[in-house]
Amino acid sequence: MGYEGFSGNETILLHVHSPCRLDAVGDFTPIERTEWVPDAHVHRLADTVPIEQGGNPVGGRRLLMYNGDIEVSVCKPTEAMQGFYRNGEGDEVIYVHRGSGVLRTVFGRVPFKPKDYVVIPRGTTHTFELEGHEHHWMCFHTPGEIETPNRYRNRYGQLLEHAPFSQRDFHPPQEIETFDESGEFEVTVRVRDGFQSYLLDRHPFDVVGWDGYVWPYTFNADDFEPRAGRFHLPPPAHQTFQGPNFVICTFAPRMLDWDPEAVPLPYHHSNIQSEEVMFYAEGDYAARRGVDIGSITLHPSGLPHGPQPGAVEKALGAKSTDELAIMWDTFRPLRLTEEWRDNDKPEYALSWNPDRAPATA
Ligand SMILES: [Fe+2]
């Protein structure tokens, strides 16, 4: 399997039987998105904690926002998938806020734990083994490729020594699982903006070996080596992944700006060409009042944003931060869904005005 025809990264998989073999063709179900068009263009806050648990690791995804480059869903699965899943039209990243388990793939077993980014290239047939009862994931789908930033790599593709992660931080599949078995195996493939179901009479995990550059892996946010400066460094210092017209960043616990005159917070800025979305994963986030763990802020294009009243005074003199946040910036506008609407907190738009903002800690 390979990208860009026969010119991109590829992997050779050695199957016992032809992977084309089908027993029956099932139904095609188009994806339905319920867009919410808000009345006003403002900064927004939503809490994902009250969203109910339920569903399986793919069917249980609740879409929050999307555009032509990215879809972002929250998933709190409680049940196993029926059969197997393969995304035939996009790469996926799952940020595991809560939960652990094993991503079982045609490449082998990929264990995952809290704070892992689970990166699943398109074409990877897989299923999930869930451990424990509490799962809370942020799921990203892109029709493009999930990559690490070019600027972290040398001309041969190896990660530079001063990149914020190293090849040892990327965990490939562990032992391969080979089932040379007959039976009834359902495989659901995401294609053409829908889900096509197939029935196989051979187990899809019949690979005895593989080698190449395409494989699922995990990278843990705790392994991101954060950067700090004498004065504030903007978000590219935290970049973890790149995709078409978007980036994913990890704001990891770190030392703060060390100049005696430094204001150790983001300066006010105008996202004139990006939508800045932040998921608050852990710690005490100094620049935001009333924003709890599991919340998401959306600072859309066209509006300035910055620390809220009181945040600067509170932050002066701070030496370090224990915050962990996952950010995705998209260069094209995002559409919101009814799932966001149901969790939207409209008072956030006024939270920079001390005369209008509700008293929050
Ligand atoms: Fe920002």
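Computed from a predicted structure; not experimentally measured.

## Some words on the packing of aromatic side chains
And then number 1: One pass over the full model with this rule turns up 18 aromatic pairs.
And then number 2: Note on Phe 128 and Trp 137: the rings are 5.3 Å apart at their centroids and 35° apart in plane angle, and the pair reads as tilted.
And then number 3: Since its relative accessible area comes to 6%, Phe 128 is described here as buried.
And then number 4: When the centroid spacing of 5.4 Å and the interplanar angle of 80° are considered together, the rings of Tyr 152 and Phe 165 count as edge-to-face.

## Details of the environment of Glu 10
And then number 1: Here Glu 10 is to be found in the segment before strand E1 (11-15).
And then number 2: For Glu 10, a relative accessible area of 39% translates into the label partly exposed.
And then number 3: For the pair formed by Glu 10 and Thr 142, sequence separation is 132 residues and the distance between their alpha carbons is 19 Å.
And then number 4: Once you skip the residues sitting within four places of it in the chain, Glu 10 turns out to touch Met 1, Gly 2, Gly 212, Tyr 213 and Val 214.

## A word on the coordination of the iron ion
And then number 1: In the first shell of the iron ion, the protein supplies His 269 (NE2), Glu 276 (OE), Glu 276 (OE) and His 305 (NE2), at 1.8 to 2.6 Å from the metal.
And then number 2: Taken together, the four donor atoms surrounding the iron ion define angles of 56 to 149° at the centre, an arrangement classified as irregular.
And then number 3: Its relative accessible area of 23% is what places His 269 among the partly exposed residues.
And then number 4: Taking the relative accessible area as the measure of exposure, His 305 reaches 2% and is therefore buried.

## Looking at the sheet that holds strand E21 (residues 295-299)
And then number 1: Strands sit in the order E4-E21-E20-E24-E17-E16 across an open sheet of six strands; the sheet is antiparallel. Two strands close off the open sheet at either side, each with one partner strand: strand E4 (44-47) and strand E16 (239-243). Looking at each pair of strands side by side, their axes are set apart by 15° on average, direction ignored.
And then number 2: Relative to strand E17 (residues 246-251), E16 is paired through four bridges, and the arrangement is antiparallel. Across the sheet, the residue bridging to Phe 241 is Ile 248, located in E17.

## Concerning the nonpolar core
And then number 1: Counting residues in each nonpolar core, the largest one holds 39 residues, and the members touching the most others are Met 65, Tyr 95, Tyr 117, Met 138, Phe 140, Trp 328 and Trp 340.
And then number 2: Excluding residues that lie within four positions of it along the chain, Phe 140 makes contacts with Ile 70, Glu 71, Val 72, Asp 91, Glu 92, Val 93, Tyr 95, Ile 248 and Trp 328.
And then number 3: Counting residues in hydrophobic clusters, the runner-up holds 14 residues, among them Val 58, Ile 94, Val 110 and Ile 120.

## Details of the side chain of Glu 71
And then number 1: Within the secondary structure layout, Glu 71 lies in strand E6 (residues 71-75).
And then number 2: Separated by 2.9 Å, the side chains of Glu 71 and Arg 190 make a polar contact.
And then number 3: Sequence-distant contacts of Glu 71, that is, excluding residues within four places in its chain, are made with Arg 33, Leu 63, Met 65, Tyr 66, Cys 139, Phe 140, His 141 and Arg 190.

## Focus on unusual backbone geometry
Among all residues save glycine, negative phi is the norm, and among peptide bonds the norm is trans.
And then number 1: Of note, the phi angle at Lys 115 is positive, near 75°, even though the residue is not glycine.
And then number 2: Mapping Lys 115 onto the fold places it in the loop between strand E9 (108-112) and strand E10 (116-120).

## Considering the pairing of E16
And then number 1: Of all five residues that make up E16, five are buried, and the element is covered over most of its length.
And then number 2: Linking two consecutive strands that pair antiparallel, namely E16 and E17, is a turn of two residues; a positive phi of about 60° is found at Asn 245 within it.

## Here we look at the side chain of Thr 148
And then number 1: Here Thr 148 lies in the loop between strand E11 (126-142) and strand E12 (182-191).
And then number 2: Within the structure, the side chain of Thr 148 is placed 2.7 Å from the side chain of Arg 153, a separation counted as a polar contact.
And then number 3: Discounting chain neighbours no more than four positions away, the residues touching Thr 148 are Arg 153, Phe 165, Phe 170, Thr 240, Phe 241 and Gln 242.

## Quick word on the pattern of salt bridges
And then number 1: For the structure shown, the criterion picks out 23 salt bridges.
And then number 2: A salt bridge links Arg 33 to Glu 71, with the nearest nitrogen and oxygen atoms 2.8 Å apart. Here Arg 33, found in the loop between strand E2 (24-30) and strand E3 (35-36), pairs with Glu 71, found in strand E6; they are 38 residues apart in sequence, far enough to count as distant.
And then number 3: In this structure Arg 33 comes out as partly exposed when scored by relative accessible area, which is 25%.
And then number 4: A relative accessible area of 11% means that Glu 71 is categorised as buried.
And then number 5: The shortest N-O distance in the salt bridge between Glu 338 and Arg 341 comes to 3.9 Å. One end of the pair, Glu 338, and the other, Arg 341, are both in helix H2 (residues 338-341), three residues apart, so they sit about a helical turn from each other.
And then number 6: With relative accessibility at 30%, the residue Glu 338 sits in the partly exposed group.
And then number 7: Among the charged side chains, a network of salt bridges with common partners joins Arg 33, Glu 71, Glu 89, Arg 190 and Asp 193.

Thresholds applied
- Residues numbered from 1 in each chain as written.
- Predicted model: local features only at pLDDT ≥ 70, side-chain atom pairs only at ≥ 80, totals over all residues.
- Heavy atoms only, no water.
- Phe/Tyr/Trp six-rings, centres within 6.5 Å; stacked < 30°, edge-to-face > 60°.
- Buried < 20%, exposed > 50% of the residue type's maximum accessible area, 1.4 Å probe, protein only.
- Helix = DSSP H or I, 4+ residues; strand = E, 2+ residues; numbered from the N terminus.
- Contact = heavy atoms within 4.5 Å.
- Donors = N, O, S within 2.8 Å, 3.2 Å for Na, K, Ca; no water.
- Tetrahedral: all angles 85-135°; square planar, octahedral: opposite > 155°, others 65-115°.
- Pairing = 2+ DSSP bridges.
- Axes fitted to C-alpha atoms, helices over the stretch in contact; angles between N-to-C directions.
- Core = buried A, V, L, I, M, F, W, Y, C linked by side-chain atoms within 4.5 Å.
- Polar contact = N/O pair within 3.5 Å; in protein donor to acceptor, adjacent residues only side chain to side chain.
- Salt bridge = Lys/Arg side-chain N within 4 Å of Asp/Glu carboxyl O.

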